[in-house]
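Structural overview for review
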Amino acid sequence: MSLEKKISVLYIDDEANNLDSFKAAFRRDFNVFTAISAHDGLQLLKQNQIEIVLSDQRMPEMTGVEFFAQIKDKHPDCMRILITGFADITTVIDAINMGQVYRYVSKPWCNEDLKILIQQAFEVYKLRADNKKLTADLLLVNQQLEFVLRQKLSSL
């Protein structure tokens, strides 16, 4: 990955120690952004091209699910991963339905497993981006073919 652009990852958590641990563990592998609040996370998303967003579920001003629900329209392409220390099936269901999360991770996480998960999420991100581009290219070619066909039909 040294010749390629590093994956940009944003981690939002209201506990500074978790943010410091995340940054220390992943700064060599990814372009890491951290935010102590959902508000700060929104600002970072506005200012940077972020491919992967991880958010803690339990935060004071807004839950991770609420945060993901809020960003899914303005940042539909970024992959969303919910992190929590509390296993709750309602939270998981809400995360899937409201925030369209890619995965759900329990605290404490294993650094190697989380690194692999982030890389897998980025692969999905790239595939979706490639699919969008190919679809747009196909639509353009179709329009050009229709134009040529109309020209030929009108000349008959």
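Let me sum up the structure you'll find in this document. (Residues numbered from 1 in each chain as written. Predicted model: local features only at pLDDT ≥ 70, side-chain atom pairs only at ≥ 80, totals over all residues. Heavy atoms only, no water.)

Now for the overall build of the protein chain. For the protein chain, the count of helices and strands is 5 helices and 5 strands. The order of helices and strands in the protein chain, counted from the N terminus, is β-α-β-α-β-α-β-α-β-α. In terms of C-alpha radius of gyration, the protein chain reaches 20 Å, well past the compact-globule figure of 15 Å for 156 residues. Each of the three principal axes of the protein chain carries a C-alpha extent, and together these read 75 × 40 × 25 Å. Taken across its 156 residues, the protein chain has 37% of its residues classed as buried. Taking the contacts inside the protein chain whose residues are at least 6 apart along the sequence as the reference set, 57% of them involve residues at least 24 apart. (Helix = DSSP H or I, 4+ residues; strand = E, 2+ residues; numbered from the N terminus. Rg over C-alpha atoms; globule rule 2.2 N^0.38 Å. Buried < 20%, exposed > 50% of the residue type's maximum accessible area, 1.4 Å probe, protein only. Contact = heavy atoms within 4.5 Å.)

In this structure, strand S1 (residues 8-12) lies alongside strand S2 (residues 31-35), joined through 5 bridges in parallel fashion. Bridge pairing in S2 places Val9 opposite Val32. One crossover worth recording links S1 to the parallel S2 by way of helix H1 (residues 16-26), and it is right-handed. (Pairing = 2+ DSSP bridges. Right-handed = clockwise from strand over helix to strand, strands pointing away.)

Applying the stated criterion across every chain yields a total of 7 aromatic pairs. Ring geometry for Tyr11 against Phe22: centres 4.8 Å apart, planes inclined by 40°, an arrangement best described as tilted. Of this pair, Tyr11 sits in strand S1 while Phe22 is found in helix H1, placing the two residues 11 residues apart along the sequence. Overall, the relative accessible area of 0% leaves Tyr11 in the buried class. The rings of Tyr11, Phe22, Phe26, Phe30 and Trp109 are connected pair by pair, giving a single aromatic cluster. (Phe/Tyr/Trp six-rings, centres within 6.5 Å; stacked < 30°, edge-to-face > 60°.)

Let us look at a nonpolar patch on the surface. Nonpolar side chains collect at one region of the surface, where Leu149, Leu153 and Leu156 lie side by side and expose about 380 Å² of accessible area between them. You can see Leu149 is positioned in helix H5 (residues 111-155). (Patch = residues over 30% accessible without salt bridge, like charges linked within 9 Å, V, L, I, M, F, W, Y side chains within 5 Å. Areas by Shrake-Rupley, 256 points an atom, 1.4 Å probe, with all protein chains shown as cover. Salt bridge = Lys/Arg side-chain N within 4 Å of Asp/Glu carboxyl O.)

So, on to the nonpolar core. In terms of nonpolar packing, the biggest core is built from 21 residues, with Phe22, Ile52, Leu54 and Leu114 touching the most fellow members. Elements that contribute at least two residues to this core include exactly S1, H1, strand S3 (52-56), strand S4 (79-84) and H5. If you tally residues by element for this core, the top one is H5, at 6 residues. Apart from the residues within four sequence positions on either side, Phe22 is in contact with Val9, Tyr11, Val32, Leu54, Trp109, Leu114 and Ile118. Counting residues in each nonpolar core, the second largest holds 19 residues, with Leu44, Met62, Phe68 and Cys78 among its members. (Core = buried A, V, L, I, M, F, W, Y, C linked by side-chain atoms within 4.5 Å.)

This part takes up the side chain of Asn18. Inspection of the secondary structure puts Asn18 in helix H1. With residues up to four places along the chain from it excluded, the contact list for Asn18 reads Tyr11, Asp13, Lys107 and Trp109.

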